[in-house]
Amino acid sequence: MPPSILWFRNDLRLADHPAVTHALADSDAVLPVYIIDPRQIGPSPFGFGRLAPYRAQFLLESLADLDAQLRVRGSALQVFIGEPAEVLQRIAQEWNAPVVYTTLHHAHEEQVQLRRVSEVLRVKTSEPPTLLHPDDLPFPIDKLPKVFTAFRHKVEAHWEVRDALPEPTNVPTPQEWTSQLPTLADLGCEAPSSDPRAVLPFQGGRAAALERLKHYFWDTRLLATYKETRNGMIGADYSSKFSPWLALGSMSAREVYQQVKRFEQHFGANESTYWLVFELLWRDFFQFVAAKHGADLFKRAGIAGAPPKGNQDRRRFEAWCEGRTGQPFIDAHMRELAATGWMSNRGRQNVASYLVNDLGLDWRMGAYWFERMLIDYDPCSNWGNWQYLAGVGNDPREGRRFDPVRQAGMYDPDERFIRQWS
Ligand SMILES: Cc1cc2nc3c(=O)[nH]c(=O)nc-3n(C[C@H](O)[C@H](O)[C@H](O)COP(=O)(O)OP(=O)(O)OC[C@H]3O[C@@H](n4cnc5c(N)ncnc54)[C@H](O)[C@@H]3O)c2cc1C
């Protein structure tokens, strides 16, 4: 039987991985690949590149970790830079590998990539990386409620989370198929410098993901107080910090959910354990919004089809990016992002609102900047949250402006955060 191609995307793990399970069940051998599409790291419509060094480094660490996991199972990861359809077609011909197994991703560019691959090869897709399986939703995707609260009420009334799938012990692969991983330079990036003020020394890959989960749930039981601390901005432990690993798929939302349930069995359920699942539902919501609205999630008019607002003033935008607006709370957050590739949820809401409402800029400039910078960049969560805050997405309220002076007074009353990044 010829080998099958196992095309990894933002699902860089072997456990709880439906496409891995299907490929191994159907084939005697697989060829694991990951493809970096130059269009997704090249210039954004606003001129700057879409992949900054911190995010690039986290991605390469995640790929190296997946490769290591594959190697102990008799396989290897080959990473290519190129247009996915062309790369996969070349591999398919070279290795006489007629079928591609992969995960369905709802973001528009990922959908277009998949469509092109499907035009030239036989593709078998598995469910997207959500907590809830799309087939278990109590409505078809095109009837997804517009507002998160309605979505949550509906899915909570028909609650079902499928069990996580087991990790394979063997991944049979032809012997000549060896590891091939790019460097930062191949991605046009220099090595980022580490900043001692970073909330965590984030390390890509499953080993670090599971270590963080163990720390947050089991070693410290911080999960039990998550709801009270989640609006923090300083240090490792105010929130789970799972997002970079969830965004690249080093661990799945289902795995996190299972651990929450285990935690509740040991220590009891409370508002905090509920709230972490609530946040995972926000993540699902934006994945399904992307599935429903396709390219509109990335358009200026948004999924609401709103009239264009905001200008593209470069000087104002650069001041925002570099933390030079003169508004200390905003500047502190933007400097943290520039220096570490991370920003708290509280920070993200504030700087996004500031860009839209105070600087009067086109919201997509901010969304592309976040895409470039955030180590946890996820197309659905990023663009969905930006649309929400810009008033062109799922927010039922008009004009969601965060007053940075008031917010600083509430969340940084002693100005510790501002001073840390001044
Ligand atoms: C403008 C803006 C852009 C954002 N861009 C991204 C992005 O590119 N990638 C990303 O993962 N998150 C994004 N978020 C959502 C949120 O800020 C981060 O998920 C969260 O701060 C990550 O920290 P944590 O893992 O400690 O989260 P926790 O508070 O511990 O939450 C647990 C998990 O729930 C999910 N989650 C929490 N809040 C949200 C939310 N509002 N939307 C979607 N999922 C959520 C994340 O997967 C997170 O890891 C954005 C938010 C805003 C306002």
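Sequence order sets the numbering: in each chain, residues are counted from 1 along the sequence as written. With the structure being a predicted model, the display of local features is reserved for residues of pLDDT at least 70 and the display and counting of side-chain atom pairs for 80 or more, all residues being used for whole-chain, interface and lining totals. Only heavy atoms go into the side-chain values, all of them from the structure, while hydrogens and water stay out.

The next point concerns the domain arrangement of the chain. Under the domain assignment used here, the chain contains domain 1 (1-127), domain 2 (130-160 + 207-293) and domain 3 (299-420). When each unit is reduced to the centre of its C-alpha atoms, the spacing between domain 2 and domain 3 is 23 Å. The contact definition used throughout considers only heavy atoms, calling two residues in contact when any of these lie within 4.5 Å. Facing 19 residues of domain 2, the contacting portion of domain 3 comprises 24 residues. Counting the surface lost from both domain 2 and domain 3, the interface buries some 2000 Å², and carbon and sulfur atoms represent 64% of this. Think of a salt bridge as a Lys or Arg side-chain nitrogen and an Asp or Glu carboxyl oxygen that are within 4 Å of each other. If you look at where domain 2 meets domain 3, you find zero salt bridges. An automatic or database domain assignment supplies the residue ranges for each domain. As a working definition, buried area equals the accessible area (1.4 Å probe) given up by two parts on being put together, with both sides summed.

Think of it this way: one heavy atom of a residue within 4 Å of a molecule or strand is enough to make that residue near it. Close contacts around the ligand come from 26 residues, with Tyr-226, Ser-239, Ser-240, Lys-241 and Asn-345 the closest. Within 3.5 Å is the distance limit for a polar contact, defined as a pair of N or O atoms, with the added protein rule that one can donate a hydrogen and the other accept it, and that residues adjacent in sequence qualify only through two side-chain atoms. Within the backbone of Ser-243, an N or O atom sits 3.0 Å from an oxygen atom of the ligand. Asn-345 places a polar side-chain atom, nitrogen or oxygen, 2.7 Å from an oxygen atom of the ligand. Values of accessible area rely on a 1.4 Å probe in the Shrake-Rupley scheme; residue burial ignores everything except the protein chains shown. Here the ligand, which alone exposes 810 Å², has 96% of that area covered by the protein. According to the grid-proximity analysis, the pocket containing the ligand is the largest pocket. Note on residue categories: nonpolar means Ala, Val, Leu, Ile, Met, Phe, Trp, Tyr, Cys or Pro, charged means Asp, Glu, Lys or Arg, and polar means any other residue, Gly included. Of the residues assigned to the shell around the ligand, the class counts are 12 nonpolar, eight polar and six charged. Counting only domains with at least three residues in the shell around the ligand, you end up with domain 2 (130-160 + 207-293) and domain 3 (299-420). In this analysis, the protein atoms alone were mapped onto a 1 Å grid. Cavities are point sets where a 1.4 Å probe fits without being able to get out; pockets are open sets with protein on both sides within 12 Å along at least five of seven lines; lining residues have an atom within 4 Å of a point. Put plainly, a molecule is in a cavity or pocket when over half of its atoms are within 2 Å of the grid points there.

So, on to the side chain of Glu-371. By definition, any uninterrupted DSSP run of H or I lasting at least four residues is a helix, any uninterrupted run of E lasting at least two residues is a strand, and each is numbered from the N terminus. Here Glu-371 lies in helix α15 (residues 363-373). Partly exposed residues are those whose accessible area sits between 20% and 50% of the maximum for their type, while under 20% is buried and over 50% is exposed, using a 1.4 Å probe and protein chains only. What makes Glu-371 buried here is its relative accessible area of 2%. Beyond its immediate stretch of four places on either side in the chain, Glu-371 contacts Gln-40, Arg-50, Arg-55, Tyr-377, Asn-382 and Trp-383.

Let us now look at the packing of aromatic side chains. Any two of the Phe, Tyr and Trp rings considered here, Trp counted by its six-membered ring, make a pair once their centres fall within 6.5 Å; the pair's planes then place it as stacked at under 30 degrees, edge-to-face at over 60, or tilted in between. Scanning the model with the defined rule gives 37 aromatic pairs in all. Consider the rings of Trp-275 and Phe-278, whose centres lie 4.2 Å apart with planes at 25°: the pair is stacked. Here the residue Trp-275 and the residue Phe-278 both occupy positions in helix α11 (residues 271-293), the gap between them amounting to three residues, near one helical turn. Each member of the pair, Trp-275 as well as Phe-278, is classed as buried. Each ring is checked for a lysine NZ or an arginine CZ that lies within 6 Å of its centre and within 35 degrees of its normal; such an atom marks a charge sitting over the ring. One cation-aromatic arrangement involves Lys-227 over Trp-275; the distance from NZ or CZ to the ring centre is 4.6 Å. The side chain of Arg-348 reaches across the aromatic face of Trp-342, ending 5.1 Å from its centre.

Turning to the nonpolar core, a few remarks are in order. Within soluble globular proteins, side chains that are nonpolar tend to cluster in buried spots. In terms of nonpolar packing, the biggest core is built from 109 residues, with Phe-151, Phe-217, Val-256 and Trp-320 touching the most fellow members. Considering each element in turn, this core owes the most residues, 12 residues, to α11. What Phe-217 contacts, discounting residues up to four positions off in sequence, is Leu-223, Phe-242, Val-256, Gln-259, Val-260, Phe-263 and Leu-276. Working definition of a nonpolar core: buried Ala, Val, Leu, Ile, Met, Phe, Trp, Tyr and Cys residues. They are joined through side-chain atoms within 4.5 Å. Within the second largest apolar cluster, 18 residues are counted, among which are Trp-7, Ala-85, Leu-88 and Val-100.

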